[in-house]
Amino acid sequence: MMLRLPARRRKALIAWLFMLPLLAVNVLVIVGPATESVYYSFTNWTGIGGAKFIGITNFRTMFTSGDFWTAMLHNILWTAFFLVVPISMGLAGAFMLSRIRRFQMLFRVLYFIPYMLATIISAVVWENLLSPTNGVGVGLGNWGIHAFENFLGDPHLALPTVAFVNNWQWWGFLVVMFLAAMSGINPALYEAARIDGASAWQEFWRITLPSIRPTLMFLALMTIIWSFLIFDYIYIMTQGGPADTTQVVGTLMYQEAFQDQAAGYASAMGLTLGFISICVVAVYIRLRKRGWNV
């Protein structure tokens, strides 16, 4: 029967047949649990046994909860940090690497190595380095610098410290991505700019940034989404402490679902994060449709 189909349709059918296993896995591990989460967000499910429909009670509780808004504020601060610091470092590192020819590949590898490390390994190593009993802070204390003896235990330093550790792993990936985008820029543009007397900063601002804007905007989009979904580094290094000063929505969801047995309430938080991600993607798509080169 397939042999009687036109060649174009036959190729399309074969492609869909190859995709069926992947689609089945996605339905099983993504679409199915996501649909259940939507249902459970309107129930009082504890994670075990049956669930009773309670309408929007979970959402009303969430939006009037100080703990939720504190965690959301930390997510927003985390997002702001990662939209500015690692992206700026990545752009600067990539631009400087693009101007050298010797050992460029070596630097690419060195920058990319932290990103290849498993998150749990990186987080545990840094947790021990920053330990208040045998970490870097102890050495600084021995030299008379006592302000940083407890990076992860200080309410004012804990969240910036975890963000620094995550940035240490993340920014090298951005360097490689931006450098790949910069390699596609026509060298004649830089040559013309130099003839006109443009400085390195003017070359970066007038040529490099506009040329890599699609890559920059896409990575900014993914940064926003990943920042609202942050969980691993904070859970491993601080578990949301001290005194909830590093609590984000992801760790609060875990606490509600597995410690307080409020899986329905945690599902409502997850649905809210999903809605935020959808809104961010919708804005990105809207900008593309309006002709923005993003």
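Because the structure is predicted, anything quoted here is derived from the model rather than measured.

**Regarding the overall build of the protein**
No. 1: Assigned secondary structure in the protein consists of 13 helices and zero strands.
No. 2: Taken from the N to the C terminus, the helices and strands of the protein come in the order α-α-α-α-α-α-α-α-α-α-α-α-α.
No. 3: Counting across all 294 residues of the protein, residues that qualify as buried make up 36%.
No. 4: Nonlocal contacts in the protein, meaning residues at least 24 apart in sequence, comprise 67% of its contacts between residues at least 6 apart.
No. 5: In the protein, 18 positive and 12 negative side-chain charges are present, and the distance between their average locations comes to 26 Å.

**A look at the packing of aromatic side chains**
No. 1: Under the definition given, this model contains 25 aromatic pairs.
No. 2: Between phenylalanine 42 and phenylalanine 53 the ring centres are 6.4 Å apart and the planes differ by 25°, which places this aromatic pair in the stacked class. In this pair, phenylalanine 42 is assigned in the loop between helix H1 (7–40) and helix H2 (57–63) and phenylalanine 53 in the loop between H1 and H2, connecting sequence segments eleven residues apart.
No. 3: For phenylalanine 42, a relative accessible area of 25% gives the class partly exposed.
No. 4: With a centroid separation of 5.4 Å and 50° between ring planes, the pair formed by phenylalanine 112 and tyrosine 115 is classed as tilted. In this pair, phenylalanine 112 and tyrosine 115 are both assigned in helix H4 (residues 104–116), three residues apart and thus about one turn of the helix distant.
No. 5: Judged by relative accessible area, which is 24%, phenylalanine 112 ranks as partly exposed.
No. 6: Among the aromatic residues, ring-to-ring pairing joins Phe112, Tyr115, Trp170, Phe173 and Trp226 into one connected group.

**With respect to the environment of phenylalanine 68**
No. 1: As for its placement among the helices and strands, phenylalanine 68 is situated in helix H3 (residues 66–98).
No. 2: Taking relative accessible area as the criterion, phenylalanine 68 reaches 1% and is therefore assigned buried.
No. 3: Sequence separation between phenylalanine 68 and serine 88 is 20 residues, and the spatial gap between their C-alpha atoms is 30 Å.

**Brief notes about unusual backbone geometry**
No. 1: Following glycine 241, the chain continues to proline 242 via a peptide bond in cis, the omega torsion being -5°.
No. 2: Among the structural elements, proline 242 can be located in the loop between helix H11 (232–237) and helix H12 (249–259).
No. 3: Its identity is not glycine, yet phenylalanine 103 carries a phi of approximately 65°, on the positive side.
No. 4: By secondary structure assignment, the location of phenylalanine 103 is in the loop between H3 and H4.
No. 5: Residue class for phenylalanine 103 comes out exposed when judged on its relative accessible area of 51%.

**Remarks on the pattern of salt bridges**
No. 1: A complete count under the given rule lists two salt bridges for this structure.
No. 2: Measuring nitrogen to oxygen at the nearest pair gives 3.1 Å for the salt bridge that ties glutamate 203 to arginine 99. A residue pair is termed long-range when its members are at least 10 positions apart, and glutamate 203 in helix H9 (residues 200–211) and arginine 99 in the loop between H3 and H4 qualify at 104 residues.
No. 3: A salt bridge links arginine 194 to glutamate 203, with the nearest nitrogen and oxygen atoms 3.5 Å apart.
No. 4: By relative accessible area, arginine 194 is classed as partly exposed at 45%.
No. 5: Residues participating in the shared-partner salt-bridge network are Arg99, Arg194 and Glu203.

**Quick notes on the side chain of threonine 238**
No. 1: The topology assignment puts threonine 238 in the loop between H11 and H12.
No. 2: Engagement of the side chain of threonine 238 in a polar contact is seen with the side chain of threonine 246, the distance being 2.8 Å.
No. 3: Leaving out residues up to four positions away in the same chain, threonine 238 has contacts with Leu152, Val162, Tyr233 and Thr246.

**So, the confidence of the model for the protein**
The predicted coordinates of low-pLDDT regions are not to be read in fine detail.
No. 1: For the protein, per-residue confidence averages 88 on the pLDDT scale, and residues scoring 70 or more make up 96% of the total.
No. 2: Per-element mean pLDDT across the protein ranges from 75 in helix H6 (residues 136–142) up to 95 in H2.

Calculation rules
- Residues numbered from 1 in each chain as written.
- Predicted model: local features only at pLDDT ≥ 70, side-chain atom pairs only at ≥ 80, totals over all residues.
- Heavy atoms only, no water.
- Helix = DSSP H or I, 4+ residues; strand = E, 2+ residues; numbered from the N terminus.
- Buried < 20%, exposed > 50% of the residue type's maximum accessible area, 1.4 Å probe, protein only.
- Contact = heavy atoms within 4.5 Å.
- Lys, Arg positive; Asp, Glu negative; His and termini not counted.
- Charge placed at Lys NZ, Arg CZ, Asp CG, Glu CD.
- Phe/Tyr/Trp six-rings, centres within 6.5 Å; stacked < 30°, edge-to-face > 60°.
- Salt bridge = Lys/Arg side-chain N within 4 Å of Asp/Glu carboxyl O.
- Polar contact = N/O pair within 3.5 Å; in protein donor to acceptor, adjacent residues only side chain to side chain.
- pLDDT = per-residue confidence, 0-100.

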